[in-house]
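# Coordinate inspection notes
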Amino acid sequence: AQSVTQLGSHVSVSEGALVLLRCNYSSSVPPYLFWYVQYPNQGLQLLLKYTTGATLVKGINGFEAEFKKSETSFHLTKPSAHMSDAAEYFCAVSVSGNQFYFGTGTSLTVIP
Amino acid sequence: DSGVTQTPKHLITATGQRVTLRCSPRSGDLSVYWYQQSLDQGLQFLIQYYNGEERAKGNILERFSAQQFPDLHSELNLSSLELGDSALYFCASSGTRGSYTGELFFGEGSRLTVL
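What this report covers is the structure whose coordinates are included nearby. (Residues numbered from 1 in each chain as written. Chains lettered and ligands numbered in written order. Predicted model: local features only at pLDDT ≥ 70, side-chain atom pairs only at ≥ 80, totals over all residues. Heavy atoms only, no water.)

### Observations regarding the sheet that holds strand 3 (residues 19-24) of chain B
All names here are of chain B. Applicable threshold: Two strands qualify as a pair provided that DSSP identifies no fewer than 2 bridges between them. Put simply, DSSP H or I for four residues or longer makes a helix, DSSP E for two residues or longer makes a strand, and each gets a number counted from the N terminus. Note on definitions: angles span 0 to 180 degrees between N-to-C directions of axes, and those axes are lines fitted to C-alpha atoms, for helices only across the stretch in contact.
Spatial strand order, 1-3-8-7: four strands in an open sheet with antiparallel pairing. Among the strands making up the open sheet, the edge pair consists of strand 1 (5-7) and strand 7 (64-68). Across the sheet, the mean angle from the axis of one strand to that of its neighbour is 15°, orientation sign disregarded.

Structure representation (structure tokens):
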């Protein structure tokens, strides 16, 4: 069975500081991995995804994530936080592109 | 704009009532997923349809039902509503014929308030 664990339901960083949101997954087969962002009163938007190939993937708004098979992790990072990054972030895993499993989300607060 | 359209955006109704939420997937997408998002439960998968057929079922209550029509739009029917059904309901789609990219595309959601 597949599952996703996001460590830290709330993360606070100062503006300009590194953003690190953690995601670990379990999957019996090579997964597709995703990070989505949700701004208040909006739907989920895709930030980035890993399907195959290069393990370091770059997404929108300066975010990137690295697929580490040995650690079953797909942590999301951004070198310098901006106030506009404050949102809810969801990690998700998909097997065979059919069923999707979402983490419980991490709320990111950016402190000016 | 994800290309997924959900109506209505907001809905207020009373306990015991029945409502229908509608979703139009991205043009050509064959799969439609329904999710419920509430403060205490997070994002819960309800049900998936693929080209008109039910493909997977999640934590969907018996009071809830869904279908996908030949034109690929989908409806989620919620009946005998309870206060606890108040939530944001999302539709997502994927799987365009001949152009599968792997991710889900989400609509803006339908916010249901049960009073």
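Further notes follow.
### With respect to the state of the cysteines
Residue and element names in this part refer to chain A. Applicable threshold: Working definition: a disulfide is two cysteine sulfur atoms within 2.5 Å of each other. To sort residues, take the accessible area from a 1.4 Å probe on protein chains only and compare it with the maximum for the residue type: under 20% means buried, over 50% means exposed, and anything in between is partly exposed.
This structure, assessed with the given rule, holds two disulfides over all chains. Shown here is the disulfide that connects Cys23 with Cys91, its sulfur atoms set 1.9 Å apart. In this structure, the disulfide formed by Cys23 and Cys91 twists by about -65° around the S-S bond and is classed as left-handed. Highlighted residues: Cys23 in strand 3 (residues 19-26) and Cys91 in strand 9 (residues 87-95), separated in sequence by 68 residues. No difference in accessibility class separates Cys23 from Cys91, as the two residues are buried.

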